[in-house]
Amino acid sequence: MTFKELGVIEPILKALSNEGYTHPTPIQAKSLPILLRNKDLLGCAQTGTGKTAAFAIPILQQIYKNNQHKGTRKIKALVVTPTRELAIQIGESFTTYGQYTGLRNTVIFGGVKQGKQTNALRGGVDILVATPGRLLDLMNQGYISLRDIEYAVLDEADQMLDMGFIHDIRKIIAKLPKDRQSLFFSATMPKAIVELSRKILGDFEKVTIAPEKATADKVEQALYYVSKKDKINLLTLLLKEQPTKSVLIFSRTKHGANKIVKLLSKAEITSEAIHGNKSQTARQKALGKFKNGQLKVLVATDIAARGIDVEELSLVINYDLPNVPETYVHRIGRTGRAAASGIALSFCCIDERPYLKDIQKLINQQIPVINEHPYVPAPNEEVRTPKKTQRSSSRPGKSRKNKNGNRSRNKRSSNFKKGRD
Ligand code: AMP
């Protein structure tokens, strides 16, 4: 199956061919026919599957074919996505795939002054990519009207809910015209997501790209059992073994990410961190250097890293295992994107064993263990069963007593939820 056979029009085919896309990815092959028939779509897929093109191509094509790019520009397509990085990347994709269509897009997100964004809006755009908070803000200020929207995309819906955007999303949906095509993407489909999708979608078709496929097919995975204190030594060793590779390291917390950068610099390894406490400019700068190969080692928290799309990213290291198993799939999806193959290495200390169990259950496979490395935990440490109090505190969502004797949610879980970038 080719893009031409799927009915993609010439100006877009030309752009895809410039990008070197010879064949549609499975989500593109499945979604394009549905979307070009103007049907609503529920897409169960993660980033890395080619889902941006799966929605960008039909939107560009329909606006172009309906001659809607002529005359005064009104916002006809809206894409709402959780993070700034993802928004910027989606905007870049629309620009790339739409370069011969004459259609214009712009991207709006919080954390920066609004002047540039409102100027771009005043100039007129056909497609708007936005994070929820800034979108509502500019709608309330009268810079944006959703009156003419014909195509609405909700991207990474599960992540948006995790980040606490549900009320914003509801307000946005309420302002959309009834007569529209709606697209809803989520990597996971818990009950709350299914309910939300019902509020947006009309008569829809569902496309599922199983996460197991994304992980098992292309990404080579390996696991290192290592104590918490030796993780930095093992990381240093692995990075020194592969000095030329672009490596993305995942840290569960912002503080942890900063600490890794500091410790690596002691070992004379240059790295930078991106997370929600860094300014937008600093994040973009670090990401830019990482993408063009100037920076080899990037340390990121999950939310900051969502959607990071770096060609040639061959190695992902999970310095900490995530407590939400789907996050593991997202993380390792940073490597082995589209046609490339990649490697994902994970460190697991004794407290993280329950997370490992959940991850292996989700991906339906045992991650091969590397037993030969200098930091294999001592046998007594390996067999040591965590004390009762320790075990309960390391379980996701469990509460524990803090220094003052008050109950607090487990640190891992609350950090994940709190990390709204
Ligand atoms: P996404 O899931 O949209 O973030 O896309 C993941 C990566 O796949 C991006 O680097 C895209 O440029 C790339 N990509 C998307 N569609 C194709 C295709 N049909 N052939 C090759 N690469 C693609």
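Cut-off values and rules
- Residues numbered from 1 in each chain as written.
- Predicted model: local features only at pLDDT ≥ 70, side-chain atom pairs only at ≥ 80, totals over all residues.
- Heavy atoms only, no water.
- Near = heavy atom within 4 Å.
- Polar contact = N/O pair within 3.5 Å; in protein donor to acceptor, adjacent residues only side chain to side chain.
- Areas by Shrake-Rupley, 256 points an atom, 1.4 Å probe, with all protein chains shown as cover.
- Nonpolar A, V, L, I, M, F, W, Y, C, P; charged D, E, K, R; others polar.
- Helix = DSSP H or I, 4+ residues; strand = E, 2+ residues; numbered from the N terminus.
- Contact = heavy atoms within 4.5 Å.
- Pairing = 2+ DSSP bridges.
- Axes fitted to C-alpha atoms, helices over the stretch in contact; angles between N-to-C directions.
- Salt bridge = Lys/Arg side-chain N within 4 Å of Asp/Glu carboxyl O.
- Buried < 20%, exposed > 50% of the residue type's maximum accessible area, 1.4 Å probe, protein only.
- Parallel < 35°, antiparallel > 145°, perpendicular 65-115°, else oblique.
- Left-handed = near helix turned anticlockwise from the far one by under 90°.
- Core = buried A, V, L, I, M, F, W, Y, C linked by side-chain atoms within 4.5 Å.

*Asks:* What exactly am I supposed to notice about the site of the ligand here?
*Replies:* If you check the shell around the ligand, you find 15 residues, and the closest are Tyr21, Gln28, Gly48, Gly50 and Thr52. One nitrogen or oxygen atom from the main chain of His23 is found 2.8 Å from a nitrogen atom belonging to the ligand. Within the complex, the protein chains bury 85% of what would otherwise be the 490 Å² of accessible surface of the ligand. Residue classes in the shell around the ligand are distributed as four nonpolar, eight polar and three charged.

*Asks:* It is not clear to me how the side chain of Thr106 should be interpreted in this structure. Could you clarify?
*Replies:* As for its position among the elements, Thr106 is in strand 3 (residues 105–108). Those residues within four positions of Thr106 in sequence are excluded, and the remaining contacts are Ala120, Leu121, Val125, Ile127, Leu128 and Val129.

*Asks:* What am I meant to see in the sheet that holds strand 1 (residues 40–44) here?
*Replies:* Pairing between the strands of a sheet is mediated by backbone hydrogen bonds and can be parallel or antiparallel. Taking strand neighbours across the sheet as the criterion, the seven strands line up as 3-4-2-5-6-1-7 in an open arrangement whose pairing is parallel. The sheet is open, and its two edges are formed by strand 3 and strand 7 (204–208), each paired on a single side. Averaged over all pairs of adjacent strands, the angle between strand axes in this sheet comes to 15 degrees, irrespective of strand direction. Its contacts with the sheet place helix 2 (residues 26–36) against strand 1, strand 6 (181–186) and strand 7, and it is angled at close to 175 degrees to strand 7.

*Asks:* What is the right way to read the pattern of salt bridges from this model?
*Replies:* A side chain of one charge can pair with a side chain of the opposite charge when the charged atoms of the two come close. Tallying each qualifying case throughout the model produces 14 salt bridges. Of the charged contacts, one joins Lys76 and Asp126 as a salt bridge, the two residues approaching to 3.0 Å between their closest N and O atoms. Placement of Lys76 in the loop between helix 3 (51–65) and strand 2 (77–80) and of Asp126 in the loop between helix 5 (115–122) and strand 4 (127–130) is noted, with a sequence separation of 50 residues between them. With respect to burial, Lys76 and Asp126 carry one shared label: buried. The closest approach of N and O atoms between Lys289 and Glu272, which form a salt bridge, is 2.5 Å.

*Asks:* Looking at this structure, how should I read the packing of helix 4 (residues 84–97) against helix 13 (residues 280–291)?
*Replies:* Any two packed helices are characterised by how steeply their axes cross, that is the angle between the axes, and by the distance between the axes. Taken N-terminus to C-terminus, the directions of helix 4 and helix 13 make an angle of 55 degrees; their axes are 11 Å apart at the nearest point. Relative to helix 13, the element helix 4 lies oblique. Between helix 4 and helix 13 lies a crossing whose hand is right-handed. Contact residues: Arg84, Glu85, Ile88, Gln89 and Glu92 in helix 4; Gln280, Arg283, Gln284, Leu287 and Lys291 in helix 13. In terms of residue class, the contact of helix 4 with helix 13 is built from two nonpolar, three polar and five charged.

*Asks:* In this structure, what is going on with the environment of Lys74? I would like to understand it.
*Replies:* On the secondary structure map, Lys74 appears in the loop between helix 3 and strand 2. For the pair Lys74 and Asp126, spaced 52 residues apart in sequence, the C-alpha separation works out to 5.7 Å.

*Asks:* Just checking my understanding: could you explain unusual backbone geometry for this structure?
*Replies:* With the exception of glycine, most residues fall at negative phi, and the peptide bonds are largely trans. Although it is not a glycine, Glu268 sits at a positive phi angle of roughly 60 degrees. In this structure, Glu268 sits in the loop between helix 12 (254–266) and strand 10 (272–274). Even without being a glycine, Asn364 presents a positive backbone phi close to 60 degrees. When you line up the elements, Asn364 lands in the loop between helix 16 (353–363) and helix 17 (379–383).

*Asks:* How should the nonpolar core be read in this particular structure?
*Replies:* In summary, soluble globular proteins display a tendency toward joint burial of nonpolar side chains. With 40 residues, the main nonpolar core has Val8, Phe55, Ile57, Ile59 and Phe94 as its most contacted residues. At the level of elements, helix 1 (10–18), helix 2, helix 3, strand 2, helix 4, strand 4, strand 5 (151–154) and strand 6 are the ones that each hand at least two residues to this core. Ranked by the residues each element gives to this core, the list is headed by helix 3, at eight residues. Residues contacting Phe94, with those up to four places away along its chain left out, are Phe55, Ala56, Ile59, Leu60, Val79, Asn105, Ile127 and Val129. In terms of nonpolar packing, the next biggest core, distinct from the first, is built from 32 residues, Leu42, Leu121, Leu154 and Ile303 among them.

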